[in-house]
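Residue-level structure breakdown
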Amino acid sequence: MREPRRGTGVQRTIRDMFDDAGVRGWLHVAELHRPSARVVIDPDEQLPLGSVYKVPLMVAFCRLADAGLVDPCHRLTLEAADRVPGPTGVSILHDPVTMSLRDLVTLMMTVSDNTAAAAVLRAVGPDVVDAVCRDLGMPDTRIHGGVVSTFSRLVAETGAQSLDAALARVADNDTVVPAGVYDPAFKASSTPADMARLLRAVWTGEAASEDRCAFMRDVMRRQPWTHRLASGFPYDDVTVYGKTGTFGSLRHEAGVVELADGSTYTAVVFTQAARADSRLPRADAVIGAAARVAVEELRGNQGT
């Protein structure tokens, strides 16, 4: 689909920003209540999601809770054998942990706890998540087995003896990464357009009941990471809701930006860096910078 002529200049600006940061970028930023007002760059290209897959998982959980098919207060005990590798939350603990499904959802969304997410996905079921995505008009989103499946496939694709070795190979700039590592076909994957659609459904009450949607918005507001989307809006009177995702050279964030005047925008930015270093501050920061340029463009064209 041909983009509006007024978007040509801002798209060029954002592409230049991506180039300067050493990344390939995909973007979908739109007015929440007028989604036809948008700035997009390759919004329909499917990519591995990293931990952004936890957003549709959360929505599926809330829908099941609305239907009475899952009890948010049901308590699970996660033993040491249930741990999934990750740098935060239950993943880094040593002893059995018991908590409710609802609190596990909170952990997987706020600090991106992989063990919590794996437990929630077992309770919900990947097929249910995919069905919810179809129902919400997201044809290009698949969850597969979430982070557990992604890690197991990564080990197989790299031929490594362990997950740590597989991750080290992907992070080695002197090693050619096997082609399948970033193939979205068998990993949790989506497009910026699909994720923007999902966020809009959460913010407009279409995704679940109003109480559940309020819960989802609240946990996304509590994400502590400010190095990506939020870095473009460093003001006390701007609220940024988000979920980051990282996998190898991929750095993403899907979120919502609410300005002081109440105007609200869905903002989804996916990137892939030219280098695989685990720390690339410019690659993180360009996510927020690109989203801000898109929001400013839309604000400048309100009413036109």
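Residues numbered from 1 in each chain as written. Predicted model: local features only at pLDDT ≥ 70, side-chain atom pairs only at ≥ 80, totals over all residues. Heavy atoms only, no water.

**Remarks on the pattern of salt bridges**
Heads up, the condition is: Here, a salt bridge means any side-chain nitrogen of Lys or Arg that lies within 4 Å of a carboxyl oxygen of Asp or Glu. A run of DSSP states H or I qualifies as a helix once it reaches four residues; a run of E qualifies as a strand once it reaches two. Both are numbered from the N-terminal end. Relative accessibility under 20% of the residue-type maximum defines a buried residue, over 50% an exposed one, and the middle range a partly exposed one, all with a 1.4 Å probe and only protein chains included.
Tallied over the entire structure, the rule returns 17 salt bridges. Where D135 meets R63, a salt bridge forms, and the shortest distance between an N and an O atom there is 2.6 Å. Residue D135 is located in helix α5 (residues 126-135), and its partner R63 is located in helix α2 (residues 54-66); the two are separated by 72 residues in the primary sequence. Look at D135 and you get exposed, because its relative accessible area is 53%. The exposure class of R63 is partly exposed, given its relative accessible area of 23%. Between R299 and D261 there is a salt bridge, and its shortest N-O distance comes to 3.0 Å. Placement of R299 in helix α10 (residues 281-300) and of D261 in the loop between β8 (250-258) and β9 (264-273) is noted, with a sequence separation of 38 residues between them.

**Side note on the pairing of β9**
Here is the rule we go by: Think of it this way: DSSP has to see at least two bridges between two strands before they count as a pair.
The element β9 is extensively covered by neighbouring structure, given that nine of its ten residues are classed as buried. Two elements, β8 and β9, share nine bridges in a ladder whose sense is antiparallel. Across the sheet, R251 pairs through a bridge with T271, a residue of β9. Linking β8 to β9, which pair antiparallel, is a turn of five residues; within it G262 sits at a positive phi near 90°.

**Section: the state of the cysteines**
Throughout this description, disulfide means a covalent bond between two cysteine sulfur atoms. Note the threshold: Cysteine sulfur pairs qualify as disulfides if the two atoms are within 2.5 Å.
Counted by the stated rule, this structure contains zero disulfides. Lacking any disulfide linkage, C62 is separated from the closest cysteine sulfur, that of C213, by 7.5 Å. For C62, a relative accessible area of 1% gives the class buried. Not part of a disulfide, C133 finds its nearest cysteine sulfur in C62, a span of 13 Å.

**Some words on unusual backbone geometry**
Of note, D42 is a non-glycine position whose phi angle comes to about 45°, a positive value. When you line up the elements, D42 lands in the loop between β2 (38-41) and β3 (47-48). For D42, a relative accessible area of 27% gives the class partly exposed.

**Looking at the nonpolar core**
Selection criterion: For our purposes a nonpolar core is just a set of buried Ala, Val, Leu, Ile, Met, Phe, Trp, Tyr and Cys residues, chained together by side-chain atoms within 4.5 Å. Should any heavy atoms of two residues lie within 4.5 Å, those residues are counted as being in contact.
Ranked by internal contacts, the top residues of the largest apolar core, which has 70 residues, are M58, M108, M195 and M216. When residues of this core are assigned to their parent elements, the largest contribution, nine residues, is made by α2. When residues no more than four places from it in sequence are discounted, the contact partners of M108 are K54, L57, M58, D113, A116, A117, V120 and K243. Counting 31 residues, the second largest nonpolar core, distinct from the first, contains L229, A290, A291 and V295.

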